[in-house]
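Spelled out from the first residue to the last, the chains are:
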Amino acid sequence: MNSKDHERQFLLMEKQAEKIRLTVDETGKNQRVDKYISTLLTQFSRSSIKTWIESGDILLDNNRTKPRTLLSPGQVIDVLPRFEDREEAKAEKIDLNIIHEDDDIIVIDKPSGMVVHPGHGNYSGTLQNGLLFYNEDLNILPRAGLVHRLDKDTTGLILAAKTTDAYNQLVKDMQARSIQREYRAICKGEMVAGGMIEVNLARDPHNRLKFSVSEKGRESRTHYRVLHRLRGHTFVAVRLDTGRTHQIRVHMTHIKYPILGDQLYGGRLAIPKKLDEETREMLIHFKRQALHAFRLSFMHPVSHEMMSFASPIPHDMEAMIIALSGQRLDSKTINEFNYPE
């Protein structure tokens with residue numbers, strides 16, 4: 001074994017000694033411990049979490065526990081990921097649009113059509129595969145250091161850690177909701193004003209690919225603001241307080257303003273009256289949710305400097321907004337809209 005291999009082996013052992021500490025909040029009341037952890041630490045599979053609980057690598061208030069144990073607010077969960085037990089994704093050479101990188105973090109601008117993590121039906125070509133090729137040292141971190149995710153056809157900014165210390169801090173910040181994620185979307189229908197959506201979400205019992213509003217689900221909260229009213233549509237800014245799967249998509253559908261192009265939640269296409277033929281064709285052929293992770297703001301996990309990054313509205317959404325505005329908006333104006341406080 002050469003010196004580099006010795007160094008990597010020592011680093012791996014060092015990383016395995018690092019724990020992730022979670023404090024149970026009100027949303028965890030009467031939740032199973034394995035379910036609660038999997039909801040917060042989405043980078044780990046439910047089966048891995050169950051295995052770690054059974055092997056004593058996850059402790060509840062410094063004691064061994066069982067996957068079905070019900071939680072109370074204030075309890076402390078310590079998670080010791082066993083990275084060597086995970087089947088890591090394979091490194092693949094994939095072009096990545098990295099807009100920021102330092103010793104501790106990477107910020108990537110994800111295109112539409114790219115899956116973030118390998119999973120059923122998507123075992124290669126993911127962002128995680130690309131990150132592992134870009135930097136082989138990320139293999140020691142769960143899911144190559146990615147601390148959140150975006151849906152396959154959602155574009156925009158996503159954050160990854162490069163070290164265990166950075167990763168653990170960002171996971172804590174995500175749990176504390178101190179990482180601000182701001183989106184842009186084109187919604188069907190002309191909104192009068194913005195607002196807040198606060199409902200519980202759970203997996204749809206009739207379609208396992210979908211989520212729906214349910215009293216038995218997890219709390220979720222979304223704030224949305226009108227940036228510009230378009231022909232039969234609205235250009236909106238969205239901020240998340242929580243980050244449930246498909247949250248924005250389900251929330252906007254719940255208030256009857258589904259996201260344009262959403263093949264899962266969007267319903268039937270509505271063509272505004274007296275729309276010109278070119279814009280009509282653009283609407284018909286817009287086949288992905290018009291949702292973009294526009295801005296990411298957070299405290300750097302090591303330097304504690306406040307950081308904020310923005311990603312320009314992608315071409316397909318920009319062209320759609322311009323067309324639906326009757327050419328009254330241009331690229332510069334679209335990207336300069338600020339979130340109305």
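Residues numbered from 1 in each chain as written. Predicted model: local features only at pLDDT ≥ 70, side-chain atom pairs only at ≥ 80, totals over all residues. Heavy atoms only, no water.

Student: Got a sec to walk through the pattern of salt bridges? Specific residues and values, please.
Tutor: Within the structure shown, the criterion is met by 14 salt bridges. Among the salt bridges present, the one from E182 reaches R184, with a minimum N-O distance of 2.9 Å. This pair shows no difference in class: E182 is buried, exactly as R184 is. Residues participating in the shared-partner salt-bridge network are R177, E198, E219, R221 and D241. (Salt bridge = Lys/Arg side-chain N within 4 Å of Asp/Glu carboxyl O. Buried < 20%, exposed > 50% of the residue type's maximum accessible area, 1.4 Å probe, protein only.)

Student: A description of a negative patch on the surface should follow, citing residues and the corresponding values.
Tutor: Together, D276, E277, E278 and E281 give the surface a local cluster of negative charge. Along the chain, E278 turns up in helix α7 (residues 277–284). (Patch = residues over 30% accessible without salt bridge, like charges linked within 9 Å, V, L, I, M, F, W, Y side chains within 5 Å. Areas by Shrake-Rupley, 256 points an atom, 1.4 Å probe, with all protein chains shown as cover. Lys, Arg positive; Asp, Glu negative; His and termini not counted. Charge placed at Lys NZ, Arg CZ, Asp CG, Glu CD. Helix = DSSP H or I, 4+ residues; strand = E, 2+ residues; numbered from the N terminus.)

Student: Tell me about the pairing of strand β7 (residues 155–161), and name the residues and values.
Tutor: The buried fraction of β7 is high, at seven of seven residues. Where strand β6 (residues 105–110) and β7 come together, six bridges link them in antiparallel fashion. In the strand pairing of β7, D109 is matched with L157. Direction of pairing for β7 relative to strand β13 (residues 291–299): parallel, over a ladder of two bridges. Bridge pairing in β13 links T155 to H292. (Pairing = 2+ DSSP bridges.)

Student: Can you lay out the packing of aromatic side chains for me, pointing to particular residues and giving the numbers?
Tutor: All told, the structure shown has two aromatic pairs when counted by the stated rule. On the numbers, 6.1 Å between centres and 35° between planes, the contact of F298 with F309 is tilted. Pair noted here: F298 is in strand β13 and F309 is in strand β14 (residues 306–310), with a separation of eleven residues, a long-range link. Overall, F298 belongs to the buried group, its relative accessible area being 1%. (Phe/Tyr/Trp six-rings, centres within 6.5 Å; stacked < 30°, edge-to-face > 60°.)

Student: Account for a positive patch on the surface, naming residues and giving values.
Tutor: A surface patch of like charges, here positive, comprises R231, K273, K274 and R328. Its place among the elements puts R231 in the loop between β11 (218–230) and β12 (233–240). Accessibility expressed as a relative area gives 32% for R231, which makes it partly exposed.

Student: A description of the packing of helix α2 (residues 33–40) against helix α3 (residues 46–55) should follow, citing residues and the corresponding values.
Tutor: With their axes 9 Å apart at the nearest point, α2 and α3 run at an angle of 130° to one another. Taken together, α2 and α3 sit at an angle that is classed as oblique. Like other packed secondary-structure pairs, α2 and α3 cross with a definite hand, here right-handed. In this structure, α2 contributes V33, D34, K35, I37 and S38 to the contact, and α3 contributes R46, I49 and I53. Per-class residue counts for the contact of α2 with α3 are four nonpolar, one polar and three charged. (Axes fitted to C-alpha atoms, helices over the stretch in contact; angles between N-to-C directions. Parallel < 35°, antiparallel > 145°, perpendicular 65-115°, else oblique. Left-handed = near helix turned anticlockwise from the far one by under 90°. Contact = heavy atoms within 4.5 Å. Nonpolar A, V, L, I, M, F, W, Y, C, P; charged D, E, K, R; others polar.)

Student: Account for the nonpolar core, naming residues and giving values.
Tutor: Within the largest apolar cluster, 89 residues are counted, with the highest numbers of intra-cluster contacts made by I77, L131, L159, I186 and F298. Dropping the residues within four chain positions of it, I77 is found in contact with I20, R21, L22, V24, V33, Y36, I37, I58, L59, L60 and L71. (Core = buried A, V, L, I, M, F, W, Y, C linked by side-chain atoms within 4.5 Å.)

Student: Before we move on, can you summarise the confidence of the model for the protein chain with the specific residues and values?
Tutor: Scored by pLDDT, the protein chain has a mean of 89; 93% of the residues are at 70 or more. Counting interchain partners and residues more than four positions distant, the pLDDT-below-50 stretch residues 1–17 has 17 contacts. (pLDDT = per-residue confidence, 0-100.)

Student: Report on the side chain of T234, specifying residues and quantitative values.
Tutor: In this structure, T234 sits in strand β12. Residue T234 is classed as buried on the basis of its relative accessible area, which comes to 0%.

Student: Talk me through α3; I want residue IDs and the actual numbers.
Tutor: Residues S48, I49, W52 and I53 constitute the buried set of α3. All buried residues of α3 fall inside an arc of 135° around its axis, so they share one side. Buried residues along α3 sit against α2, β2 (58–60) and β4 (76–79). Following α3 by one or two positions, G56 has its phi on the positive side, about 85°. (Arc of directions from axis to C-beta.)

Student: Any chance you could break down the environment of D25 for me, citing the residues and the numbers?
Tutor: Here D25 is to be found in the loop between β1 (20–23) and α2. Taking C-alpha positions, D25 is 35 Å from E136, a pair spaced 111 residues apart along the chain. Not counting residues up to four positions away in its chain, the partners in contact with D25 are Y36 and P73.

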